[in-house]
Amino acid sequence: MVQNFAVEFQYEVEADAVNLMEMKPATASDQSHQVMKIMLSPLLFLCVLVIISTVFGDTSVKITQFPECLTANRRTNITFYCGYPFSVHSSRIQVYWRKQGETTYLHTQEDSRKRFGVKSKGNRFFQFLDVNIQDAAVYHCELVLEGKKVGKGNGSRLIVYVPPTPLAISRMDPERNLSVFLTLVCETAEFFPENLNLTWYKNGIEITTVNTITEQRNPGQLFKAHSYLEETQPVQSGDVYTCLVSHVSLQNPGIANYTVLLPHTGVDGKLYEFAICRFALCICVILLLVIVTVDHFRITSL
């Protein structure tokens, strides 16, 4: 647009000069007016160029940010990239990053978790170490040339998750008779965002009669969930109860198991008691034989 305007403006100036040379003698005032127009035209042309450059300066450089959106779990590292035409004053260009909603650039803040660098010509990066949910935001890269912003990216969004693992299963009321009463509780670690799904299984078969409670530990921050299972059927030694959690932060569900261990009862218990009785009977028989033998030798010696 600026080039077309310059060409048209220059054409008009040249036409006025030709007309001045070819025009018939006129009054002195007319000639002075025409000469003044030709002399001021270049100055006017430069002023227009400066105005156009000032108005459209911020959009003169196209910036590409990638990825547009990035999801990461807490305490992991992420990297954003900022690309621009490498022919744009590469030796004098500066690339700065800004968190949306803040007025200062990130490089001016004291934070060892943020690193900035050059990936290749025309490509800068911003690396964020050990991210937390407070870091979730949109980040923009801006190009600055000789103290003036000449371009701004559309932004890269960071979404931070906190997984609900590891899980822990514990037994409630451990003093009660395990063979007729069993209540288990499955507890998650702190997680974010809120939505998750907890499922119970007994020996690989899903149990639907459970009670799950989700609570928010800190307002607007992390959550924690408890799921209670009350067994209404008699349990046996070796039964395996499984708590499974699904969450957007997990590629695979989190799992915790609880195996029932009962004291020896039933057939195994009776065999154990029978063995003890046989052992005691054998001891008694041996003692009786010893006593009889001793008495026999005493009587014989007399």
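Above this text you will find the structure in question.
Here, residues in each chain are numbered from 1, in the same order as that chain's written sequence. It should be noted that, the model being predicted, local features are given only for residues of pLDDT at least 70 and side-chain atom pairs only at 80 or more, the latter also being counted only at that level, while totals for whole chains, interfaces and linings use all residues. In computing side-chain properties, one takes all heavy atoms of the structure into account and sets aside hydrogens as well as water.

Novice: Can you walk me through the sheet that holds strand β6 (residues 123-128) in this structure?
Specialist: Strand pairs in the sheet, formed through backbone hydrogen bonds, run parallel or antiparallel to each other. In short, DSSP must find at least two bridges between two strands for them to pair. By the criteria applied, helices consist of DSSP H or I runs no shorter than four residues and strands consist of E runs no shorter than two, each listed in order from the N terminus. Pairing within the open sheet is antiparallel, and its four strands lie in the order β1-β3-β6-β5. The sheet is open, and its two edges are formed by β1 (64-66) and β5 (114-120), each paired on a single side. Neighbour-to-neighbour, the strand axes of the sheet open up by a mean angle of 20 degrees, direction not taken into account. Examined bridge by bridge, β5 and β6 share six bridges and lie antiparallel to one another. Paired with Arg115 across the bridge in β6 is Gln127. All axes are obtained by fitting lines to C-alpha atoms, using only the stretch in contact for helices, and the reported angles, taken between N-to-C directions, cover 0 to 180 degrees.

Novice: Is there a simple way to think about the pattern of salt bridges in this case?
Specialist: Pairs may arise between side chains of opposite charge once their charged atoms sit close together. The salt bridge definition used is simple: a Lys or Arg side-chain nitrogen within 4 Å of an Asp or Glu carboxyl oxygen. For the structure shown, the criterion picks out seven salt bridges. Residue Arg113 pairs with Asp111 through a salt bridge whose shortest N-O separation is 3.3 Å. Exposure remark for Asp111: the relative accessible area of 23% places this residue in the partly exposed category. For Lys202, the salt bridge is made with Glu231, and the minimal N-O distance between the two is 3.2 Å. Of this pair, Lys202 sits in strand β12 (residues 197-202) while Glu231 sits in strand β15 (residues 223-231), placing them 29 residues apart in sequence. The burial state of Lys202 is the same as that of Glu231; both residues are buried. Connected via shared salt-bridge partners are Asp111, Arg113, Lys114 and Asp135. Buried residues are those whose accessible area, probed at 1.4 Å on protein chains only, stays under 20% of the maximum for their type, while exposed residues exceed 50% and partly exposed ones sit between those limits.

Novice: Got a minute to help me understand the sheet that holds strand β13 (residues 205-207) in this structure?
Specialist: Pairing is antiparallel in the open sheet, where four strands are placed in the order β13-β12-β16-β17. At either margin of the open sheet sits one strand with a lone partner, and together these are β13 and β17 (254-259). Strand-to-strand twist in this sheet, taken as the mean axis angle between neighbours without regard to direction, amounts to 30 degrees. One ladder, built from three bridges, connects β12 with β13; its direction is antiparallel. Bridge pairing in β13 links Tyr201 to Glu206.

Novice: Even after reading the chapter, I still don't get the environment of Val138, so can you show me in this structure?
Specialist: With respect to the helices, strands and loops of the structure, Val138 is situated in strand β7 (residues 137-145). Since its relative accessible area comes to 10%, Val138 is described here as buried. Residues Val138 and Asn154, spaced 16 residues apart in sequence, show a C-alpha to C-alpha distance of 9.3 Å. What makes two residues a contact is simply this: any of their non-hydrogen atoms within 4.5 Å. Apart from the residues lying within four places of it in its own chain, the contact partners of Val138 are Arg98, Lys99, Gln100, Gly155, Ser156 and Arg157.

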